[in-house]
Amino acid sequence: MENKHLIDLSVKYGLNSEDVSKLVSVMYQIGVDDMDSAEFKRVAGYICGAKLIEMPVEELIEELRRKGMIKS
C-alpha cells in the first residue's frame, strides 16, 4: 500500500488489508479509479467514516447512490 490517503484511512479507521482491498475494489466498481482525486478521497472517506466497509458490496454501492455520493 503506497497511497498516502489509503494509509491515512487505514490508520484512522483501523482498516486491515482486506478492508483496504475492498475499499479500492468498490471505488473502481463505481468508476473512481484515480486514488489521488478529490472524488476518491471524498467517497472513500465517507465509506470509512460511516462504517459502511462491513456492508456487502452491492448494498454499499446502493447506499452511496441513495446518499448522492455517486451518480448512476
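Residues numbered from 1 in each chain as written. Predicted model: local features only at pLDDT ≥ 70, side-chain atom pairs only at ≥ 80, totals over all residues. Heavy atoms only, no water.

1. Description of the overall build of the chain
Next, step 1: The helix and strand inventory of the chain stands at four helices and zero strands.
Next, step 2: Reading the secondary structure of the chain in the N-to-C direction produces α-α-α-α.
Next, step 3: With the C-alpha coordinates aligned to their principal axes, the bounding extent of the chain is approximately 30 × 25 × 15 Å.
Next, step 4: Expressed as a percentage of contacts within the chain between residues at least 6 apart in sequence, the contacts between residues at least 24 apart total 48%. (Helix = DSSP H or I, 4+ residues; strand = E, 2+ residues; numbered from the N terminus. Contact = heavy atoms within 4.5 Å.)

2. Quick look at helix H3 (residues 38–49)
Next, step 1: Compared with the 16 Å implied by 1.5 Å per residue over 12 residues, the 16 Å span of H3 between its first and last C-alpha is a close match.
Next, step 2: The set of residues buried in H3 consists of Phe40, Val43, Ala44, Ile47 and Cys48. The buried residues of H3 occupy an angular sector of 135° when projected down its axis, which confines them to one face.
Next, step 3: As for H3, its buried residues are in contact with helix H1 (4–13), helix H2 (17–29) and helix H4 (57–66).
Next, step 4: Looking one or two residues past H3, Lys51 carries a phi angle of roughly 55°, positive in sign. (Expected span 1.5 Å × (residues − 1). Buried < 20%, exposed > 50% of the residue type's maximum accessible area, 1.4 Å probe, protein only. Arc of directions from axis to C-beta.)

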